[in-house]
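Now for the letters of each chain:
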Amino acid sequence: MALRLKCATLSSLLLFAVEHRQTTAAGAGAAPIFGGDFDVAQLCRDAAAYAADSGKLRDCRKEALFALALAVGDKDADRRCVESWKEELDGQWSDRRMADDFARIVEAHRSRAEHIDSVEDCWSNDPSPRDAWHECCGAYPGRHRSGFGYNITDRCRGRPRETQCCAFGPGSKSYLAIPALMEVEVGVFLKDGRLLSLGQDGFLRKFGSPTVLWPAGYLLAQFLSDQTQKFGGGFFRSMGSRILELGTGIGAPSVAVAGNTGVKEVLATDIDPGSLRLVAENAASNGVSEIVVPFKFDWHSDEDVGLIKTRGPFGAIIGSSLLIETWEEQFWALLRNLVASHTIVVLVHSVGSIKTEDTGFKVIERVSGDHYDMLASSGDPSDFEVVILAPSETQCDRNAQSSEEG
């Protein structure tokens, strides 16, 4: 039987097959319910092709995950599923024009971010909150489960797979599960009450750093939505500026800051086409696609830098885990090229890693991740901090002189 499904809904047929797999299967490979010609890789390929055409990445990733759940334990099926996704999807969206086209497709699926009062700390009493989250909240078929929350282990009993337990947010140790490298969707509860639903490529792009949420990006999103911070959400709400994000990944910080009333445009940049697709998807699924603009940006290209400058001036430049130590001289030169006299720079990195001596910038403020309950797993102070920078007076003078000469 040839199984070809579109991704508008999660098929009840596949759902039945997963349940059948859980109750009857002991071996690897294709589920017997479909007969010998069921092809996991073909289902993944069909899902990817439909995702590229329709923009319904989220449903299609879930459909590929269903397929993988049918073949849980079969490493070859896992590998072929991943390869199919990359072959069908990556080649179609490799340049800036295609990314723009895709953003327009995804706009058709726009919705609004939910609001909730809080998240629950369901994991404090567990000796390993990270493992508990993956076991009780994760959808990827793995060691503890066959996928999609049909988990009845004692560890998860009484902990429903619901937003309040499974979303990442202040007040819960769920953040210790970040990065959820194999998951295709995560929820982030922000300081202003918004609940972001964020798509990831997860298992379909294993260990792809631009296509999953990382702790620094999570912390930056929290800070940018925090109305109590002088340079957080309230700052952007009042100034109504354009914002540039470097190395946006899945776009969590860009989507978070775009929710502040008064923000005109957020240019969410990355060099990875997979990242730009996710930004377009996540902006649309959280109702800010009219503000967040996915933009391909190669930091090493003078042409790209020139294009970015034409979109300014920027009220803020933001970024997280930018690996500054690997390109430090060029990084600070890039910032000096992009800032205006009024621009603030908001960066999240490991504590103490941002040093500004002789860079042309001064530190205005540092905010520990502790403020958002991001303690280390050991209970020690957070490994991450938010650093707010501004051009030094000398740098402002240079920028003014450059503008006059221009």
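Criteria and cut-off values
Residues numbered from 1 in each chain as written. Predicted model: local features only at pLDDT ≥ 70, side-chain atom pairs only at ≥ 80, totals over all residues. Heavy atoms only, no water. Helix = DSSP H or I, 4+ residues; strand = E, 2+ residues; numbered from the N terminus. Buried < 20%, exposed > 50% of the residue type's maximum accessible area, 1.4 Å probe, protein only. Contact = heavy atoms within 4.5 Å. Areas by Shrake-Rupley, 256 points an atom, 1.4 Å probe, with all protein chains shown as cover. Salt bridge = Lys/Arg side-chain N within 4 Å of Asp/Glu carboxyl O. Core = buried A, V, L, I, M, F, W, Y, C linked by side-chain atoms within 4.5 Å. Disulfide = S-S within 2.5 Å.

Chemist: Which residues make up the overall build of the chain, and what values go with them?
Modeler: Of the regular secondary structure elements, the chain holds 14 helices and 10 strands. Residues classed as buried in the chain amount to 56% of the 406 residues present. Partitioning the intrachain contacts of the chain with sequence separation of at least 6 by distance along the chain shows that 72% fall at a separation of at least 24. Split by element, the accessible area of the chain, about 17000 Å² in all, is 49% carbon and sulfur.

Chemist: Describe the pattern of salt bridges, with residues and values.
Modeler: Going through the model one piece at a time under the given rule, you end up with 3 salt bridges. Two residues, arginine 194 and aspartate 192, come together in a salt bridge whose shortest N-O distance is 2.8 Å. Exposure remark for aspartate 192: the relative accessible area of 24% places this residue in the partly exposed category. The partner of arginine 311 in a salt bridge is glutamate 265, with the nearest N and O atoms 3.1 Å apart. A residue pair is termed long-range when its members are at least 10 positions apart, and arginine 311 in the loop between helix 12 (302–310) and strand 7 (316–320) and glutamate 265 in strand 5 (residues 265–270) qualify at 46 residues.

Chemist: Would you mind going over the nonpolar core in detail, with residue names and values included?
Modeler: Core analysis: the biggest nonpolar cluster contains 57 residues, and Phe168, Leu213, Phe223 and Phe236 have the highest contact counts within it. Top element by residues in this core is helix 8 (residues 215–224). It accounts for 7 residues. Ignoring sequence-local partners within four residues, the contact set of phenylalanine 223 consists of Gln229, Phe231, Gly232, Gly233, Val346, Val367, Tyr372, Val386 and Ile388. If you look at the next biggest cluster of nonpolar residues, it comprises 25 residues, including Phe297, Trp332, Val339 and Leu347.

Chemist: Which residues make up the state of the cysteines, and what are the values?
Modeler: Inspection of every chain in the model, using the stated rule, returns 2 disulfides. The residue that forms a disulfide with cysteine 122 is cysteine 165, at a sulfur-sulfur distance of 2.0 Å. In this structure, the disulfide formed by cysteine 122 and cysteine 165 twists by about -80° around the S-S bond and is classed as left-handed. Linking cysteine 122 in the loop between strand 1 (114–115) and helix 6 (129–137) with cysteine 165 in helix 7 (residues 163–166), this pair joins segments that are 43 residues apart in sequence.

This is a description of form; function is not addressed.
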